Amino acid sequence: MAKIKKGDLVQVISGATEDRGGDRGKQGRVIEVIAEKNRVIVEGVNYVTKHVRVGQTQRGTKTGGIETQEAPIHISNVALVDPKTKKPTRVGFREETVEKNGVKKTVRVRYAKKSGEKL
């Protein structure tokens, strides 16, 4: 089970601060997790400009030019946000027993280490 998943609210914990043009302290949702490279793409964080070749659609409208999009950042530079305190926290795992249709089953659950709340 991964510590950070798609859709989680995370906060950037390293790099330059916002007043110095960086992204530290910004919070956003995880758009994509690239597990092979240990990287995540976070909404609204690490914007880069990309030059796209200008083309034409069937109707004749122009496409391309300079676009901005989110670039991946290393997974160690983000921390999951605690749903209770809205501050960054570490992630833990614990076994919980769940009863469904009269059958007991143990399930691994992620939880926030600061508040103990289930994620």
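To be clear, the structure that these remarks concern was listed above.
Residues numbered from 1 in each chain as written. Predicted model: local features only at pLDDT ≥ 70, side-chain atom pairs only at ≥ 80, totals over all residues. Heavy atoms only, no water.

**Some points on the pairing of strand β4 (residues 47-56)**
Sheet faces and side chains relate simply in a regular strand, where the side chains alternate between the two faces.
Stage number 1. The buried fraction of β4 amounts to zero of the ten residues, a small share that puts the element mostly on the outside.
Stage number 2. Pairing of β4 with strand β5 (residues 62-70) involves eight bridges; the strand directions are antiparallel. Looking across to β5, one finds that V52 is bridged to G65.
Stage number 3. Linking β4 back to β5 in an antiparallel pair, the connection comprises five residues, with G60 at a positive phi of about 100°. (Buried < 20%, exposed > 50% of the residue type's maximum accessible area, 1.4 Å probe, protein only. Helix = DSSP H or I, 4+ residues; strand = E, 2+ residues; numbered from the N terminus. Pairing = 2+ DSSP bridges.)

**Details of unusual backbone geometry**
Stage number 1. The backbone of N46 shows a phi angle near 60°, a positive value even though the residue is not glycine.
Stage number 2. Topologically, N46 is positioned in the loop between β3 (39-42) and β4.
Stage number 3. For N46, a relative accessible area of 22% puts it in the partly exposed group.
Stage number 4. For K86, which is not glycine, the phi torsion reads 60° and is therefore positive.
Stage number 5. Inspection of the secondary structure assignment puts K86 in the loop between β7 (78-81) and β8 (88-89).

**A few points about the side chain of D8**
Stage number 1. Assignment of secondary structure puts D8 in the segment before β1 (9-12).
Stage number 2. For D8, a relative accessible area of 12% puts it in the buried group.
Stage number 3. In terms of polar contacts, D8 uses its side chain to reach the backbone amide nitrogen of K5, at 2.8 Å.
Stage number 4. Leave out the neighbours within four places in its chain, and D8 touches K3, G28, R29, V30, L80 and R110. (Polar contact = N/O pair within 3.5 Å; in protein donor to acceptor, adjacent residues only side chain to side chain. Contact = heavy atoms within 4.5 Å.)

**Describing the sheet that holds β1**
Stage number 1. In space, the six strands of this open sheet follow the order β6-β3-β2-β1-β7-β8, with antiparallel pairing throughout. The open sheet has two edge strands with one neighbour each: β6 (73-74) and β8.
Stage number 2. Examined bridge by bridge, β3 and β6 share two bridges and lie antiparallel to one another. Bridge pairing links R39 to H74 in β6.

**Concerning the pattern of salt bridges**
Stage number 1. Enumeration according to the criterion identifies four salt bridges in this entry.
Stage number 2. The shortest N-O distance in the salt bridge between D8 and R110 comes to 2.9 Å. With D8 in the segment before β1 and R110 in strand β10 (residues 103-112), this residue pair connects regions lying 102 residues apart in the sequence. Note on accessibility: D8 and R110 belong to one class, buried.
Stage number 3. When the shortest N-O distance is used, the salt bridge between E96 and K118 registers 3.7 Å. Here K118 lies in the segment after β10 and E96 lies in strand β9 (residues 91-100), a separation of 22 residues in the sequence.
Stage number 4. What makes E96 partly exposed here is its relative accessible area of 23%. (Salt bridge = Lys/Arg side-chain N within 4 Å of Asp/Glu carboxyl O.)

**Points about the packing of aromatic side chains**
Aromatic ring pairs are described here by two measures, namely the spacing of the ring centres and the angle between the planes.
Stage number 1. Here the structure, examined in full by the defined rule, presents zero aromatic pairs.
Stage number 2. Note that R94 overlies the ring of Y111, its terminal NZ or CZ placed 4.3 Å from the centroid.
Stage number 3. Lying across the ring of F93, R108 places its NZ or CZ 4.5 Å from the centre. (Phe/Tyr/Trp six-rings, centres within 6.5 Å; stacked < 30°, edge-to-face > 60°. Lys NZ or Arg CZ within 6 Å of the ring centre and 35° of its normal.)

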